[in-house]
There are 2 protein chains.
Amino acid sequence: MGGDHGPPVTVAGAAIALDRLAGHDIKFQLHGDAAAIEAELGKHPRLRPLATVHHTDKVISGEEKAAQALRRGKGSSLWNALEAVKSRDADAAISGGNTGALVAISKLLLRMTSDSLERPALITTWPTQRGFTSVLDVGANLVSDAAQLVEFAIMGEAFYAAVNATPGQTVRVGLMNIGSEEQKGRDEVKEAHALLKDGGIDLDYYGFVEGDDIAKGTVEVIVTDGFTGNVALKTGEGLARFFVAELRQAMTASPLSMIGAFLAQGALRKLGARLEPPGGGPLLGLNGVVVKAHGGGAAHSFADALKIAADLAASDYAVKAAANMQRLATALDAPRAASGTTQ
Amino acid sequence: MGGDHGPPVTVAGAAIALDRLAGHDIKFQLHGDAAAIEAELGKHPRLRPLATVHHTDKVISGEEKAAQALRRGKGSSLWNALEAVKSRDADAAISGGNTGALVAISKLLLRMTSDSLERPALITTWPTQRGFTSVLDVGANLVSDAAQLVEFAIMGEAFYAAVNATPGQTVRVGLMNIGSEEQKGRDEVKEAHALLKDGGIDLDYYGFVEGDDIAKGTVEVIVTDGFTGNVALKTGEGLARFFVAELRQAMTASPLSMIGAFLAQGALRKLGARLEPPGGGPLLGLNGVVVKAHGGGAAHSFADALKIAADLAASDYAVKAAANMQRLATALDAPRAASGTTQ
């Protein structure tokens, strides 16, 4: 029921995803208003036999606060989808709905894999000069200590390997800082750097990166706290919209440029598609796969989110992340034991 | 001597600035290698009588660390220019050189106007859908408490009014956050919000803004800590370069799009100029005007930095900022006195 458009987009997205999910043995549970969903399912005969409809009248609106959604959301389509993941009736939940509600209810029902995570981390993937770079956290954890930043690195790396990486691709992880020198940066960032370098975590750590390394594609995964990551993400989204608006204005400024734009329209359309953000991103750190699809996205964008969820659920993400989390716990214990500090 | 090109750009920049500074009674002190400077001055007969050359052999390189520059920089062109501001021989210093050295030596020689500022704040101005937005701090102060964020607001507002504002333009100040609701955000951001709303500071406070409000031009000044601001700035710079590279590639992808690009070249050139960042930004919070020019900029970019310095030096910036700093001090004392807390 989620997103700006509801079943016409989510059901059509599932139909589109069928082709992209050829390698997966996929079934869909559709939670929400049965009549609205059935009406859409009727338009997609290939999807129909793979889908079950789970009726509920209750929907969490986009405006509802997370705390309200927690109190009053039981039995809603969002809640029921997450319950299905909890009870292992489903391998993943995908929602285009209220992000705050999704984060809060996911955390309540599925619980975090680690006590030190305040909330599930949000990860988004950007197109870059070289391919794709995933950035986390982009908004859930406002303040992050060193251990949390390393947890983001572990989860981000495992996510990228499971979902974005081409076969054999190296997945390097960079830590966001405001300079590449070791002595620079916030304390927690320097501590996380030391842990990632020497803590025995099994991942390809690149070192510090800066904001412009996102678009450069210097590394595959960039780790930062949720405040900085959210500001960077929204700054980038705002700039992308600004560029497109400015380009449109430039190309319609004179008869000559309009002819130019007409001749170049195929190239410009491809450029637009290339700059489009991916259809969604997972909530990492939960006991279960949950993907947030863009609320304003079209059906093909919702299909992207379904693909991410299916790839993540079918991968060794959870096992790999858990093994590294264990290494982190060992690394965190070691210096304390050595220095005799009892935390 | 600073920047990637030295006197050929800085001297030519001064010559260009002459036209833009028609309203100012301007004179230039040129610090550095006299022979190199004189050779350039010879090319600009209108500039020559307005310039004095202050010779030194010593130059701080772009690679030198700030601490080294502090120890060994005395007598360098950068140091001498800042000494001239300290001794009031000059109203402003402009450098295209080593930013770390400029920040450190400025702080040593000119001192901060307020004890609570760790370092001078860096402010940059972005083109937006509506005009220009200035963002600070973009890199000097890694962690900022509420009082520091309010100081940034005070300095940023006074800067914008002095340098960027058109006559009669309202200068609104927004506080960077990751949501517009009052209960959201980091503690220091929420405290700064309360101070700006109810602390009696004399400026037009808008409230919380998010990353995409930079490009939207929602407000004229956006305040954030130096870590977040630096990441946002560099993310934006990286995206702008990415966008231009992608556009170039799209426009040369086929014969048709190449003809299109040829016809639209005037419009595309205008777009490029519009997206170009301004030539520099001041270091705020010092007892004196210091402007950092972009090291890689051309002469017209260096002229922009000179214009900023001249406008700032000729304005009531310092008086206005000092009055608001006093109001902030009063506001900070008030709740403590009321609650009986002694710092």
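Before reading further, recall that the structure is shown in the block above.
Before going into details, it helps to say that this report is about the structure given with it. (Residues numbered from 1 in each chain as written. Chains lettered and ligands numbered in written order. Predicted model: local features only at pLDDT ≥ 70, side-chain atom pairs only at ≥ 80, totals over all residues.)

Rotating chain B by 180° about the axis while translating it 0.0 Å along that axis superimposes it on chain A, leaving an RMSD of 0.0 Å. Here the symmetry operator amounts to a two-fold rotation axis. For chain B, the smallest separation between a C-alpha atom and the rotation axis is recorded for G260(B), amounting to 1.7 Å. Take the interface residues of chain B: 100% of them recur as interface residues in chain A, which is what a same-surface contact looks like. (Least-squares fit on C-alpha atoms with pLDDT ≥ 70 in both. Contact = placed C-beta atoms within 7 Å.)

Next up on the list: unusual backbone geometry. Here the bond from L136(A) into D137(A) is cis, since omega is -5°, no more than 30 degrees from zero. Residue position: D137(A) is located in the loop between β5 (132-136) and α6 (146-164). For R88(B), which is not glycine, the phi torsion reads 65° and is therefore positive. Relative to the helices and strands, R88(B) is located in the loop between α4 (77-86) and β3 (92-95). By C-beta crowding, R88(B) is classed as exposed, having 8 other C-beta atoms within 10 Å. The phi angle at R111(B) is positive, at roughly 65°, despite the residue not being glycine. (Helix = DSSP H or I, 4+ residues; strand = E, 2+ residues; numbered from the N terminus. Buried ≥ 20, exposed ≤ 12 C-beta atoms within 10 Å, placed from the backbone.)

Here we take up the sheet that holds strand β6 (residues 172-176) of chain B. Residue and element names in this part refer to chain B. On the basis of which strands lie adjacent, the open sheet formed by eight strands has the order β3-β10-β9-β4-β5-β8-β6-β7 and mixed pairing. This sheet does not close on itself; its edge strands, each paired only once, are β3 and β7 (204-209). Along the sheet, successive strands turn relative to each other by an average axial angle of 25°, direction set aside. With four bridges joining them, β3 and strand β10 (residues 289-293) adopt parallel strand pairing. Residue pairing in the sheet places A92 in a bridge with V289 of β10. Contacts between helix α9 (residues 226-251) and the sheet are confined to β4 (121-127), β5 (132-136) and β6, with β5 contributing the most and set at about 135° to the helix. (Pairing = 2+ DSSP bridges. Axes fitted to C-alpha atoms, helices over the stretch in contact; angles between N-to-C directions.)

Quick look at the packing of helix α9 (residues 226-251) of chain A against helix α11 (residues 265-275) of chain B now. Running from N to C, α9(A) and α11(B) cross one another at 145°; their axes reach a closest spacing of 8 Å. Of the two elements, α9(A) crosses α11(B), and the hand of that crossing is right-handed. Packed against α9(A), whose contacting residues are E246(A), L247(A), A250(A) and M251(A), the element α11(B) presents A267(B), L268(B), K270(B), L271(B) and R274(B) at the interface. (Left-handed = near helix turned anticlockwise from the far one by under 90°.)

Structural remark: α-helix, 3.6 residues per turn; residues separated by three or four positions point the same way. Here α9(A) contains 26 residues, and its C-alpha end-to-end distance of 37 Å stays within 8% of the 38 Å for a straight helix at 1.5 Å per residue. Of all 26 residues in α9(A), 19 are buried; the element is thus mostly enclosed. (Expected span 1.5 Å × (residues − 1).)

What follows concerns the interface of chain B and chain A. Taken together, the contact between chain B and chain A spans 50 residues of the former and 51 residues of the latter. Elements represented by at least two residues in the side of chain B that touches chain A include exactly α8 (213-216), α9, α10 (255-263) and α11 of chain B. Among the elements that take part in the side of chain B that touches chain A, α9(B) stands out by supplying 20 residues, more than any other. Taken together, the residues of the side of chain B that touches chain A sort by class into 26 nonpolar, 13 polar and 11 charged. (Nonpolar A, V, L, I, M, F, W, Y, C, P; charged D, E, K, R; others polar.)

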